[in-house]
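Fold and contact review
The chain contents come next:
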Amino acid sequence: MGIGELDREAHVPEVTGAAAAPRTLAEALRARGDEGLAALLRARPDLLSPVPNDLTQLATRAGTRGSVVRALERLDRFALQTAEALAVAPDPAPYSVLLGLLTGDEGDPVIEAALPGAVALLREQALVWGEDDRLRLVRTARELLAPSAQHPSPTGLGPTVAEATSGMSPGRVQEIIAAAGLPATHDPVSAVAALTGLFTDRDRMGALLDTASADALSVLDRLVWGPPYGEVTAKPAAPVQWLRDHGLLLPVSARTMVLPREVALHLRGGRAHRAPEPVAPVPGVLREYRPQVVDSAAAGQAQLALATVEELLKSWDRGGPPVLRAGGLSVRDLKRTAAALDVSEETAAFWLELCYGAGLLASDGEADERYAPTPAYDDWLDLPPAERWARLVTPWLTATRTPGVAGGQDTKGRTLSVLGPDLDRSPAPEVRHRVLGLLATLPPGSSAEPESLFARLRWERPLRGASAADEGGDLRSRLARWALAEAELLGLTGRGALSGPARALLNLPLAEAAPAGALGGGVEPSVAAGRAATLLAPLLPEAVDHVLLQADLTAVAPGPLRRPLADALAVLADVESKGGATVYRFTPGSVRRALDSGQTATDLHEFLKAHARTPVPQPLAYLIDDVARRHGHLRVGAASAYVRCDDDTVLGEILADRRSASLGLRRLAPTVLAAQTDPTSLLDGLRSMGYAPAAESTTGDVLITRADAYRTGARTAPVPVPDGPPAPDTTLLGAAVKAIRAGDRAATAVRKEPAAAPAAAPAAAGALPRTSAAETLATVQAAAMTGSAVWIGYVNAEGGASQRVIAPVRVEGGFVTAYDHTADEVRTYPLHRITGVAELADDQV
């Protein structure tokens, strides 16, 4: 529902047959139509938990401090300035007074045009109620926004004359009005009223200020826009003393003076804010590109994102770094990961959190806990590239974990670690969607000027900036900066402009800019992700099934390799450089790694011949044969560990080598050496000495190792931390409004007074009826026979009490079956849980 005039035709209270202005917020809500109530519940979903019993309870809940704070935090700057102006206006305030506080004496047609919408928004959210001649800000909002010494108002205004003089002696008040040229009065109330009248009379106030010196006016200029408080000495200077004598400065304490609100408004020309902002800033265009260029650049970034995630998780295939005792990744391991990916630590933190949020990475849960890929990673690898990309960006949009805050400190001074706790920032999803939505309002192919984008975000949610002590600034702007950078890394934007696949992911039109309200559009996220993947697929390069071998022991992949070829080549060679073409280098260690995985020299030669577009260079063939000839010549097993070799001269060389001293070797037989270390350390030590040993089992067979064998157990991705209650859907809103209306009818229905006690005091509003069991049974039986409705009090099995209007249908076996007007359905109630019953007045049936 858009901002508009609220329906006031239903349930208008009557006074002597004529409609009257609402006296309370509950009456104002009762005067709304169903659409108006639905708009309130949609804008403030916290009011639905649980569904209020009636409109009085809804109004009470809407005025609680927590709910009002949440509602104020979601106001835009001009709506908030309107509420702030009402907080310093008389209560109630006519619309003309509110308009004057925002436009000043000179007027402003832009503000005049925008103010009705702002007032309608505040009314819709139940922050303001009453007709235009009696606008009232809800009490809690006034307490939060009104100026005080402890909580200065954003308007910079101070207390009124009446508030500032409330503790002043009557004699001092009479001295002030005498100095101001006003006649003496008989009581302080009329004296304060006379002084207030002087300060609000433009002509008389102007004449008084004409008698002030330039120095006195300079003092007022320093206080007029706030803060309105100033320190004075025991013997103030003459200009300050003159202002004090004439009441233009009023004492708050022995050393503190304050500029009264009425004086400040006169000096400001009636304006409550120095710079009202009725119009939202428009994001500026930084550069313009052809949409095809943007999509190509974004697709390149998407391909790089997939390669980076694969490289990261492949490097942790044997198990990643350990988990800190407090949770998360250590700084040293983060630096190692950044160096391995050749990115900054901040970017490495983003990739780690992205994998964690997508469910591809988790801790293994073992005693010596460490990070490793999850089984979902293997499923992800089997998907086509475009679908893999969609599986990354979809959870990113809704994730509340924010890698940008890692490295900072929490409220207890503890450092926040990547993959650790306390990285959730609930506004993050909203900011990401809003940033991309604002980019979508620009012409296709246009990138936004960042500062204008951040200014727009600050205008939309001025109170949702620094929300935690550890943020160190405007959190919303920081989230926006991170969102822009992360969207570029993921390929949602290209050269800073929104790409076509990103528009599809957000369910935005592809050919033209769309308003931000189009975000979401009711399309399931999985459907939108499928559309985005379909658009991205043709932009990604085709996977190739070959490499180009070179004489310098390198292989060049002219594009992304198909999955089986990429996996096999990653075992046989090391990645030397990445980019449009990936360069692999063959080394003795990489060839030995392939042989350790169970392949033979013949297998490696056949593999290269099958997938190389160039002949196998002689140096590479020699390297494979040389490593294979020595591979397995030495055998390492568990004794603690031993080395055996058919050539006893080789064992003699090992014993004579100084580098073997740390292994604790001794000869048990001509062909066997025993070691004082474990087999793994023995393997690593011999390899570092230039040998190529192979591990063997207890039966003497060569052990085959696989680099991709370690996975965590099944893990679920982290659940986002919601930013308040979820937005209700249409079905829930309709049911809630119906229940509230029915409960309100039950609570406000007029009951007949018992004939036996006409002089009895009526029950208090909202109190449950009380009747004896016999009277309850007789009344509901009579109602069932006549088909009339009655009002009952009911206590459920959990002890919850409620009032209901029912039409009994059948009474038997200690139960009454009736149509419940409150629930709009037929229900059965135990008679012993009915506290009492009363007939409805004739005009209520």
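Since the structure is predicted, the reported quantities are computational estimates derived from the model, not experimental observations.

For the rest of this paragraph, the subject is the overall build of the protein. Along the backbone of the protein there are 33 helices and 27 strands. Its C-alpha atoms give the protein a radius of gyration of 39 Å, clearly above 28 Å, the size a compact globule of 845 residues would have. In terms of principal-axis extent, the alpha carbons of the protein reach across some 120 × 90 × 55 Å. Across the 845 residues of the protein, 47% fall into the buried class. Look at the contacts in the protein between residues 6 or more apart in sequence, and 65% of them connect residues 24 or more apart. For the protein, the exposed surface amounts to about 40000 Å²; the carbon and sulfur share of it is 54%. The distance from the centre of the 84 positive side-chain charges to the centre of the 100 negative ones in the protein is 3 Å.

Before going further, it helps to spend a moment on the pattern of salt bridges. Taken as a whole and assessed by the stated rule, the structure comprises 35 salt bridges. Of the charged contacts in the structure, one is a salt bridge between Glu 175 and Arg 172, with a shortest N-O distance of 3.3 Å. Taken as a pair, Glu 175 and Arg 172 lie in helix α10 (residues 170–179) at a separation of 3 residues, close to a single helical turn. A salt bridge links Arg 414 to Asp 410; the shortest N-O distance between them is 3.0 Å. One salt-bridge network, held together by shared partners, links Arg 74, Glu 430, Arg 461, Arg 476 and Asp 723.

A word on the confidence of the model for the protein. On average, residues of the protein score 85 in pLDDT, and 91% of them are at 70 or above. Within the protein, the lowest mean pLDDT, 37, falls on strand β1 (residues 14–15), and the highest, 96, falls on helix α18 (residues 345–357). The low-confidence segment residues 755–765, where pLDDT is below 50, has 2 contacts with residues more than four positions distant or belonging to other chains.

Our next topic: the packing of helix α11 (residues 188–200) against helix α12 (residues 202–210). Look at α11 against α12: their axes get within 5 Å of each other, and the N-to-C directions meet at 85°. As the angle between them shows, α11 and α12 are arranged roughly perpendicular. Where α11 abuts α12, its residues Gly 197, Leu 198, Phe 199 and Thr 200 lie against Arg 202, Arg 204, Met 205 and Leu 208. Considering only residue class, the contact of α11 with α12 consists of 4 nonpolar, 2 polar and 2 charged.

Taken in spatial order, the 4 strands line up as β14-β15-β17-β16 in an open sheet, and their pairing is antiparallel. Each of the sheet's edge strands pairs with one partner strand only, and the pair in question is β14 (548–550) and β16 (574–577). Averaged over all pairs of adjacent strands, the angle between their axes in this sheet comes to 30°, without regard to strand direction. Note: β16 against strand β17 (residues 582–585), 3 bridges, orientation antiparallel. Each residue of the ladder has a partner; that of Asp 574, found in β17, is Arg 585.

Attention now moves to α12. Here α12 has its buried residues at Met 205, Leu 208 and Leu 209. For α12, the angular spread of the buried residues around the axis is 95°, confining them to a single face. Looking at α12, the residues exposed on the side facing more than 90 degrees away from the buried face are Asp 203 and Asp 210. Residues of α12 that are buried sit in contact with α11, α13 (214–223), α14 (238–245) and α15 (261–267). A side-chain oxygen of the first residue of α12 lies 3.1 Å from the backbone nitrogen of Asp 203; this N-cap is Asp 201.

In this chain, Ser 49 is followed by Pro 50 through a cis amide linkage whose omega measures -10°. Structurally, Pro 50 can be placed in the loop between α2 (34–43) and α3 (55–62). The phi dihedral of Ala 126 falls on the positive side, at around 60°, and the residue is not glycine. Secondary-structure assignment places Ala 126 in the loop between α7 (109–124) and β3 (128–129). On the basis of relative accessibility, which here comes to 0%, the residue Ala 126 falls in the buried class.

Contact geometry of helix α5 (residues 77–87) with helix α6 (residues 95–103) gives a least axis separation of 10 Å together with a crossing angle of 115°. You can see that α5 and α6 cross each other, and the crossing is right-handed. Residues Phe 78, Gln 81, Thr 82, Ala 85 and Leu 86 of α5 pack against Leu 98, Leu 101 and Leu 102 of α6. Taken together, the residues of the contact of α5 with α6 sort by class into 6 nonpolar, 2 polar and no charged.

Our next topic: the environment of Leu 208. Inspection of the secondary structure puts Leu 208 in helix α12. Sequence separation between Leu 208 and Gly 580 is 372 residues, and the spatial gap between their C-alpha atoms is 78 Å. Non-local contacts of Leu 208, meaning those with residues more than four positions away in its chain, are made with Leu 198, Phe 199, Trp 242, His 246 and Leu 248.

All right, on to the nonpolar core then. Most often, soluble globular proteins have nonpolar side chains that are buried together. Residues Leu 29, Leu 41, Leu 58, Leu 195 and Phe 199 are the most contacted members of the largest nonpolar core, which totals 89 residues. Setting aside chain neighbours within four positions, we find Phe 199 in contact with Val 161, Met 205, Leu 208, His 246, Gly 247, Leu 248, Glu 262, Val 263 and His 266. Residues Phe 350, Tyr 377, Leu 419 and Leu 505 belong to the second largest nonpolar core, which totals 55 residues.

Rules and cut-offs
Residues numbered from 1 in each chain as written. Predicted model: local features only at pLDDT ≥ 70, side-chain atom pairs only at ≥ 80, totals over all residues. Heavy atoms only, no water. Helix = DSSP H or I, 4+ residues; strand = E, 2+ residues; numbered from the N terminus. Rg over C-alpha atoms; globule rule 2.2 N^0.38 Å. Buried < 20%, exposed > 50% of the residue type's maximum accessible area, 1.4 Å probe, protein only. Contact = heavy atoms within 4.5 Å. Areas by Shrake-Rupley, 256 points an atom, 1.4 Å probe, with all protein chains shown as cover. Lys, Arg positive; Asp, Glu negative; His and termini not counted. Charge placed at Lys NZ, Arg CZ, Asp CG, Glu CD. Salt bridge = Lys/Arg side-chain N within 4 Å of Asp/Glu carboxyl O. pLDDT = per-residue confidence, 0-100. Axes fitted to C-alpha atoms, helices over the stretch in contact; angles between N-to-C directions. Parallel < 35°, antiparallel > 145°, perpendicular 65-115°, else oblique. Nonpolar A, V, L, I, M, F, W, Y, C, P; charged D, E, K, R; others polar. Pairing = 2+ DSSP bridges. Arc of directions from axis to C-beta. Polar contact = N/O pair within 3.5 Å; in protein donor to acceptor, adjacent residues only side chain to side chain. Left-handed = near helix turned anticlockwise from the far one by under 90°. Core = buried A, V, L, I, M, F, W, Y, C linked by side-chain atoms within 4.5 Å.

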